[in-house]
Amino acid sequence: MTSANDRIFDGRYALDVQVSSSLSSPIWRAMDISLKRWVTLILLPTSDLRSIKLLQECQVAAVNDRRDVVSILDVIPDGKISSEDSPNSQDRYVGIVTEWLDGESLDRLIVRRGECLPIDQALKQLGIITNTLMHAHSLNVFHRRLRPHNVVFSPGQEVRLAGFGVDSALL
């Protein structure tokens, strides 16, 4: 799964592809070497003033483990990226590991379709989102930056909410 030239974060996550994001922080698809599964890895230099808030927000949000939320799997307060080229890099990062989710965000779905969702489908999805937020709020977990790209439809059209703890800390 990994080659000699791979960049490995915190000795466990092999960086694969950097994913575009509006969060002004690098987001990677990474392979969890221990569990042999894809994850999303958000990296923020520990020197970034937002890193403390990111850690705090994600530690709080990690308690929300409902299936309709993209789960926070790991919070790494101080890790480094190592590779064959630079095995002793001094750069340190906060790492937030979440589920890797294949799917399409609401904003991209609407652009691709060129129209809004049918009213019955939209109401059903809104009900799921509302229940997800109500459950999160009962745990004292608040999204604070919910936008259309945080609503993700899996290939089977299951609705999932992403960005708890992350978006509010980085934006």
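Above this note sits the structure.
In this structure, what is going on with the overall build of the protein chain? I would like to understand it.
A count of helices and strands for the protein chain gives 4 helices and 10 strands. From first element to last, N terminus to C terminus, the protein chain shows the α and β order β-β-β-β-α-β-β-β-β-α-α-β-β-α. The C-alpha atoms of the protein chain give 17 Å as radius of gyration, which agrees with the globular expectation for 171 residues (16 Å, within 12%). For the protein chain, the spread of C-alpha atoms along the three principal axes comes to 55 × 30 × 25 Å. Of all 171 residues assigned to the protein chain, the portion counted as buried reaches 42%. Across the protein chain, contacts joining residues at least 24 apart in sequence account for 59% of those joining residues at least 6 apart. Only carbon and sulfur atoms are counted for the fraction: they give 53% of the accessible area of the protein chain, which is about 9300 Å². Across the protein chain, the 19 positively charged side chains and the 21 negatively charged ones have centroids separated by 3 Å.

When you look at the side chain of S83 in this model, what are you seeing that I'm missing?
Following the sequence through the fold, S83 ends up in the loop between β6 (81-82) and β7 (93-99). Aside from chain neighbours lying at most four places away, what touches S83 is D6 and R7.

Looking at this structure, I do not really get the nonpolar core. What am I missing?
Soluble globular proteins tend to pack their nonpolar side chains together in the buried interior. Ranked by size, the top nonpolar core spans 27 residues in total, and within it L54, I96, V151, F153, F164, V166 and L170 carry the most contacts. Elements that contribute at least two residues to this core include exactly β4 (37-45), α1 (51-61), β7, α2 (106-113), α3 (119-138), β9 (151-153), β10 (159-161) and α4 (167-170). With 4 residues, the top contributor of residues to this core is α1. For V166, the contacting residues outside a window of four places in its chain are L23, I42, L54, C58 and I96. Counting 12 residues, the second largest nonpolar core, distinct from the first, contains F9, I81, Y93 and V97.

Please explain the environment of R12 as it appears in this structure.
Structurally, R12 is set in the loop between β1 (8-9) and β2 (13-19). Separated by 143 residues in the primary sequence, R12 and P155 place their C-alpha atoms 28 Å from one another. At 2.8 Å, the side chain of R12 and the side chain of D32 are in polar contact.

Explanation requested: α1 in the structure shown.
The α-helix advances 3.6 residues per turn, and as a result positions three or four apart in sequence lie on the same side. Here α1 has its buried residues at S51, L54, L55, E57, C58 and A61. The inward-facing, buried residues of α1 abut β4, β5 (72-79), β7 and α4.

What's the story with the sheet that holds β10 in this structure? I'm lost.
Sheets are built from strands paired through backbone hydrogen bonds, the pairs being either parallel or antiparallel. Here we have 3 strands laid out as an open sheet, ordered β8-β9-β10, and antiparallel in their pairing. In this open sheet, the two edge strands, each paired with only one partner strand, are β8 (104-105) and β10. Contacting β9 and β10, α3 runs over the sheet at an angle of about 35° to β10.

Teacher, can you tell me more about the pairing of β4 here?
Each regular strand carries side chains that alternate between the two faces of the sheet. In the sheet, strand β3 (residues 27-32) pairs with β4 via 6 bridges, with the strands oriented antiparallel. Its bridge partner lying in β4, D32 is registered against R37. Linkage of β3 to β4, two consecutive antiparallel strands, is achieved through a turn of 4 residues, within which K36 is found at a positive phi near 55°. Bridge analysis of β4 against β7 gives 7 bridges, and the strand direction is antiparallel. The residue bridging L41 from the neighbouring strand is V97, located in β7.

Looking at this model, I keep getting lost on unusual backbone geometry. Mind explaining?
One can expect most non-glycine residues to show negative phi and most peptide bonds to be in trans. Even without glycine at this site, D10 takes up a positive phi of about 55°. Phi is positive for R144, close to 70°, though the residue is something other than glycine. In this fold, R144 is placed in the loop between α3 and β9.

Rules behind the numbers
- Residues numbered from 1 in each chain as written.
- Predicted model: local features only at pLDDT ≥ 70, side-chain atom pairs only at ≥ 80, totals over all residues.
- Heavy atoms only, no water.
- Helix = DSSP H or I, 4+ residues; strand = E, 2+ residues; numbered from the N terminus.
- Rg over C-alpha atoms; globule rule 2.2 N^0.38 Å.
- Buried < 20%, exposed > 50% of the residue type's maximum accessible area, 1.4 Å probe, protein only.
- Contact = heavy atoms within 4.5 Å.
- Areas by Shrake-Rupley, 256 points an atom, 1.4 Å probe, with all protein chains shown as cover.
- Lys, Arg positive; Asp, Glu negative; His and termini not counted.
- Charge placed at Lys NZ, Arg CZ, Asp CG, Glu CD.
- Core = buried A, V, L, I, M, F, W, Y, C linked by side-chain atoms within 4.5 Å.
- Polar contact = N/O pair within 3.5 Å; in protein donor to acceptor, adjacent residues only side chain to side chain.
- Pairing = 2+ DSSP bridges.
- Axes fitted to C-alpha atoms, helices over the stretch in contact; angles between N-to-C directions.

Everything listed here is a matter of geometry and, on its own, says nothing about what the molecule does.
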